[in-house]
Amino acid sequence: MKSPLAPLVDFSAAIPTLKKMIPRASEISSYLFFDGHLEFNLSQDNRFVHAYTNKFLIHDFWKCVSDDPHKIVDIVEGLYPFEDEIMYNDFQNRALSLEDPFIQAAVVFMLNHCSDSPYLSRGVHIKENFNPIALAAFRAIKTNRIHVQLREGKNLIDTLEEETRVFCSIVPAGHFNYNFFEEGKSRGLAETTVVHGELKQYIEKSENRWIVLYKFHPNLKEIYKHFNIHMLDHLGRPITDEQSCEDLVIANF
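Residues numbered from 1 in each chain as written. Predicted model: local features only at pLDDT ≥ 70, side-chain atom pairs only at ≥ 80, totals over all residues. Heavy atoms only, no water.

(A) Seen up close, the environment of Gly78. By secondary structure assignment, the location of Gly78 is in helix 4 (residues 69-79). Since its relative accessible area comes to 65%, Gly78 is described here as exposed. For the pair Gly78 and Ala106, spaced 28 residues apart in the sequence, the C-alpha separation amounts to 9.9 Å. (Helix = DSSP H or I, 4+ residues; strand = E, 2+ residues; numbered from the N terminus. Buried < 20%, exposed > 50% of the residue type's maximum accessible area, 1.4 Å probe, protein only.)

In C-alpha cells, the structure reads:
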C-alpha cells in the first residue's frame, strides 16, 4: 500500500525480510513513525501495528487521514500551487501553529512533496517535484490495522517502552553516525534524535524482540556483531557483499 507521504529514509526493500521474520496475525510496535510505508505494508498483510511518534504534527496528520482523507485532498487542491516562494517559506515556519488540523495536514503533505527534501521544515521549494498523482494515496489508504499513538520525548530513547504484549518492536534508525556535536543541534518538525549507542545498549538489555533498520554502514556489523544481521541489496535480496549492501535488518532474535 502506498503512503501519501514520501519517506524520510526509504526502507521499502526491507519489507519482504520483515514479513518473513514477523508471523501473520502478530501485534508489533513501530517507532519514529512518519510516512507509514513499512507499517501499512505489514498491516495490509495481516499484522496489527502500534505506531509511535513523538511529533504532534505527525500524530495529528494521521488522525486527519483516518477521519476524513478526502477533506485533505480538497484543501490541497485549493491551496496548491503556492503563490510564490514567500508563501512556501511561510508555511514551513507556521506549520505547527495552524489552528485547523485538516489545513495543517494538507500543509504537511505539500511541504513533504514540493521541495528537494521530504523533511518538512527544510528544503528548497521545487514546484516540479509536486505530483498530483500522490493525492490518490489518500483515497486508497486503510488505517484499520494501525493505531497511531503520541509518545512524547526529546529523543528516541525517551519514547521507547518495552511492549511485552507484542511480537516485536521495530526502529527504523536511518543513517548511522557517532552523534558527535549533537548538543544544541536544531531539529526539524519531523526529526527525532537517534543516539545510536544508547539504542544498541537499550536493545541489549531488553528481554523483548527488537528489529533495527539501518542504511548500510560498515561499522554496524562490528557494533552489532552479537545480533542477527540481514544484509540486503537495493531490491531487498539477501547478500553477503558489502559493496552491494543497501539496508541492514538487525535483530536480537
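Still to come is the rest of the account.
(B) The pattern of salt bridges, seen in detail. In this structure the tally under the stated criterion is 12 salt bridges. Of the charged contacts, one joins Arg122 and Glu191 as a salt bridge, the two residues approaching to 2.5 Å between their closest N and O atoms. Pair noted here: Arg122 is in the loop between helix 6 (101-113) and helix 7 (136-140) and Glu191 is in the loop between strand 4 (168-174) and helix 9 (196-205), with a separation of 69 residues, a long-range link. Look at Arg122 and you get partly exposed, because its relative accessible area is 40%. When salt bridges with common partners are traced through the structure, they connect Arg24, Asp45 and Arg47 into a single cluster. (Salt bridge = Lys/Arg side-chain N within 4 Å of Asp/Glu carboxyl O.)

(C) Focus on helix 2 (residues 37-44). Among the 8 residues of helix 2, 6 are classified as buried, and the element is accordingly described as predominantly covered. All of the buried residues along helix 2 are Leu38, Glu39, Phe40, Asn41, Leu42 and Ser43.

(D) A look at the pairing of strand 1 (residues 27-30). In terms of strand pairing, strand 1 meets strand 2 (residues 48-53) through 4 bridges, oriented parallel. Its bridge partner lying in strand 2, Ser29 is registered against His50. Once the chain exits strand 1 it traverses helix 2 before rejoining the sheet at strand 2, and the crossover so formed is right-handed. Relative to strand 4, strand 1 runs parallel, the two being bridged by 3 bridges. Bridge pairing in strand 4 links Ile28 to Cys168. (Pairing = 2+ DSSP bridges. Right-handed = clockwise from strand over helix to strand, strands pointing away.)

(E) Looking closely at the sheet that holds strand 3 (residues 146-150). Across the sheet, 7 strands lie side by side as 3-2-1-4-5-7-6; this open sheet has mixed pairing. Either end of the sheet is taken by a strand with one partner, and the two such strands are strand 3 and strand 6 (228-232). Neighbour to neighbour, the strand axes of the sheet diverge by 20° on average, direction disregarded. Helix-sheet contacts for helix 2 involve strand 1, strand 2, strand 3, strand 4 and strand 5 (210-215), and the interaxial angle to strand 3 is about 145°. Relative to strand 3, helix 3 (residues 56-67) is tilted by about 145°, and along the sheet it contacts strand 2 and strand 3. (Axes fitted to C-alpha atoms, helices over the stretch in contact; angles between N-to-C directions. Contact = heavy atoms within 4.5 Å.)

(F) Molecular detail of helix 4. Inspection of helix 4 places Pro69, Ile72, Val73, Ile75 and Val76 among the buried residues, and these make up the whole buried set. The buried residues of helix 4 all sit within an arc of 165° when viewed along its axis, so they share a single face. Residues of helix 4 that are exposed and angled more than 90 degrees away from the buried face: Asp74 and Gly78. Looking at the packing, one finds that the buried side of helix 4 touches helix 3, helix 6 and helix 7. (Arc of directions from axis to C-beta.)

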